[in-house]
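Next come the chains, spelled out residue by residue.
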Amino acid sequence: MSKIVSEAQSALRQKIIEAINTAIAEGELADAEIPEFIIEVPANKANGDYSSNAAMAGARAFRKAPRAIAESIVKYLDLTDTFFERVEIAGAGFLNFFLSQHFWTEILKDVISSGEDYGKSDYGQGKSVLVEFVSANPTGPMHIGNARGGAIGDCLASVLDWAGYRVDREFYINDAGNQIEKFATSLEVRYLQHFDGSIEMPEDAYHGQDITDHAENFIKEYGDKYVDSPSADRRKALVDYALPKNIEGLERDLGRYRITYDKWFRESTLHNDGSVDKVIEELKAKGVTYEQDGALWFKASEFGNDKDIVLIRANGLPTYIVPDIAYHYNKLVTRNYYKAIDILGADHHGYIARMKAALTALGLDASRLDIVIMQMVRLVRDGETIKLSKRSGKAITLNTLIDEVPLDAARFFFNLREPNSHFDFDLELAAKQSSENPVYYVQYAHARICSIIKKAEAQGIELRNPTDAELDRLDSDEEKELIRHLSALTDEVISAANAYDPAKITHYVIELATLFHKFYNAKRVIDEDEGLMCARLYLCRAVRDTIKNILTMMKITAPEEM
């Protein structure tokens, strides 16, 4: 939380404890250990800025009615040198505390002095976290689900970083296993079809235009060199040619989406360095495997999964789950991340229990792996579901999406809902330059403040730092509401980090823009009263800086004019 908010709450807790101890010393309360009590922000602002249940919590220990305990606390409560000006007893004994105007002044000063760091904290204590997201199959283009996963994963990584964790971003390249075999088959058939049209493509192969393009480009470079080669050599040559181009395309397209990974981790390394075999041997050594029908099974049902699972098929080949176990073992043991977070699609619910069962069986704390399930996206325009790009007439991929709508809108819109909620992405709204468009609305608030400040400078108004007495004049409901919201950013970032939900930040900044527009419509900023004008310009600067901090965190631009 903001250091000012933290100071206010800590001081209040200490003052309550001191008052209770004085009441005990004076014989008004029984000599007993002070029970735990809470200090919280009431839902109804009429009940003060903070409320405490200290009197209610002490009823049993002090053998007295809560209201009487509250009266004793208030009698000995000294709010001198705190940010609080008064306390009231409500109902059966709740204590409601009201902040002084000086608190709001200190919040504003904290925002301005913190600058680009306002909203950051050391909550995560530098613990290492690996966020793995998108990890699209490298055998084809990225789809709309990858677009949502990219925005969520990248913004979540930023939120965790702001909350004080040491964060790495990672893309897991599935460059081994069945999908690569299918990729090889598809490329091989398209290559051979160029020379013999009678060859048919298997139904379960990849039929996309990208496969044909790869084969034709390969032919331009190598001609018929591999037509009469052994199939294994031909397939290897085709995959070695096409796969790096696909991976390069993934990196290029994600870079265009403002996503940069710390590491691109190849599945093949787990096979090549023995990690996959090591996981099998570890599970065997733990006594959690058995053989049946020629296959090797993992006793996953003993570790929370609904059934046992096959590790090695009867043909001797590992199932997909084995390299995945090895990969997560690598994250949590070999590289020793405090937490591994995966952003996965809605079809991965069963995967969670299987992976956690395997990690538990290997002796790891499975709570170190967290999986964020992301629901499907439906693209809509004029209320109708859209599947084809307006520009190309082809299915909308990540790349074509950011041809259709502004990049800022794409990243912001995909974080308007918590990940596990279905989401309708309104293409028309995302491109609209009006207050109906939430990202435009937020950016406009930033640009409007920049315009106000430029206007003030053009009029020769000095943008000086106001005195505390001048800042204390920001006491209207609109001004206090705005400052109160500013004070909540650090807590909101921590809350978003704990919930793995960047949508909390988009909601926060939309509300901040709303409160600013409300303030601006109610109060004159550039005014004949120089002291008040100076204070209001300072408030505008605090809001501007906070909006910019949030948009920067989310890799969204903060325009100075619109």
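Refer to the structure above for everything that follows.
Counting from 1, residues in each chain are numbered in the order their sequence is written. Selection of residues for local features in this predicted model requires a pLDDT of at least 70, selection of side-chain atom pairs for listing and counting requires 80 or more, and totals for whole chains, interfaces and linings are taken over all residues. Each side-chain value is derived from all of the structure's non-hydrogen atoms; neither hydrogens nor water enter the calculation.

A.B. asks: Explain the environment of Leu 160 to me, please; I cannot follow it from the model alone.
C.D. replies: Where helices and strands are cited, they refer to DSSP runs of H or I of at least four residues and of E of at least two residues respectively, numbered from the N terminus. Following the sequence through the fold, Leu 160 ends up in helix α6 (residues 144-162). Residue burial is assigned from relative accessible area. The probe radius is 1.4 Å, only protein chains are included, and a residue is buried under 20% of its type maximum, exposed over 50%, and partly exposed in between. Under the relative-accessibility criterion, Leu 160 is labelled buried at 2%. Separated by 267 residues in the primary sequence, Leu 160 and Leu 427 have C-alpha atoms spaced 29 Å apart. The contact criterion used is simple: two residues touch if any of their non-hydrogen atoms lie within 4.5 Å. Setting aside anything within four residues of it in sequence, one finds Leu 160 in contact with Val 129, Val 131, Tyr 165, Val 167, Ile 341, Ala 497 and Tyr 500.

A.B. asks: Can you walk me through the packing of helix α7 (residues 178-195) against helix α9 (residues 231-256) in this structure?
C.D. replies: If you want to describe how two helices pack, look at the angle between their axes and the distance between the axes. Note on geometry: axes are C-alpha line fits, over the in-contact stretch for helices, and angles between N-to-C directions span 0 to 180 degrees. Viewed as axis vectors pointing N to C, α7 and α9 meet at an angle of 105 degrees, and their least axial separation amounts to 9 Å. With respect to α9, the axis of α7 lies roughly perpendicular. From α7, Ile 180, Glu 181, Phe 183, Ala 184, Thr 185, Leu 187, Glu 188, Tyr 191 and Leu 192 reach across to α9, where they touch Ser 231, Arg 234, Arg 235, Leu 238, Val 239, Ala 242, Leu 243 and Asn 246. A class-by-class count of the residues in the contact of α7 with α9 yields ten nonpolar, three polar and four charged. Any angle that falls under 35 degrees is termed roughly parallel, while one over 145 is termed roughly antiparallel, one within 65 to 115 roughly perpendicular, and all others oblique. Ten residues, namely Ala, Val, Leu, Ile, Met, Phe, Trp, Tyr, Cys and Pro, are considered nonpolar, four, namely Asp, Glu, Lys and Arg, are considered charged, and the remaining ones, Gly among them, are considered polar.

A.B. asks: What am I meant to see in the environment of Val 442 here?
C.D. replies: Within the secondary structure, Val 442 sits in helix α17 (residues 438-458). Since its relative accessible area comes to 0%, Val 442 is described here as buried. Separated by 306 residues in sequence, Val 442 and Ala 136 have C-alpha atoms that sit 31 Å apart. Filtering out sequence-adjacent residues up to four positions away, Val 442 remains in contact with Phe 412, Val 509, Ile 510, Ala 513, Ile 547 and Leu 551.

A.B. asks: Is there a simple way to think about the pairing of strand β8 (residues 289-292) in this case?
C.D. replies: Note on strand geometry: in a regular strand, side chains alternate between the two faces of the sheet. Looking at chain direction, β8 and strand β9 (residues 295-298) are connected through four bridges and run antiparallel. Note on β9: the bridge partner recorded for Glu 291 is Leu 296. Between β8 and β9, which pair antiparallel in sequence order, lie two residues; one of them, Asp 293, sits at a positive phi of approximately 55 degrees. We call two strands paired when DSSP finds no fewer than two bridges between them.

A.B. asks: What should I look at first to understand the pattern of salt bridges in this one?
C.D. replies: Once the charged atoms of two side chains with opposite charge are near each other, the side chains can pair. A side-chain nitrogen of Lys or Arg and a carboxyl oxygen of Asp or Glu constitute a salt bridge if their distance falls within 4 Å. Tallied over the full model, the rule gives 38 salt bridges. Asp 154 is the partner of Arg 411 in a salt bridge, and the nearest nitrogen-oxygen pair spans 2.8 Å. Placement of Arg 411 in helix α15 (residues 407-413) and of Asp 154 in helix α6 is noted, with a sequence separation of 257 residues between them. Asp 154 sits in the buried class, given a relative accessible area of 0%. With its nearest N and O atoms 2.9 Å apart, the salt bridge here joins Asp 370 to Lys 339. Of this pair, Asp 370 sits in strand β12 (residues 369-374) while Lys 339 is found in strand β11 (residues 339-345), placing the two residues 31 residues apart along the sequence. Three or more residues are tied together by salt bridges with common partners; here these are Asp 154, Arg 169, Arg 411 and Lys 555.

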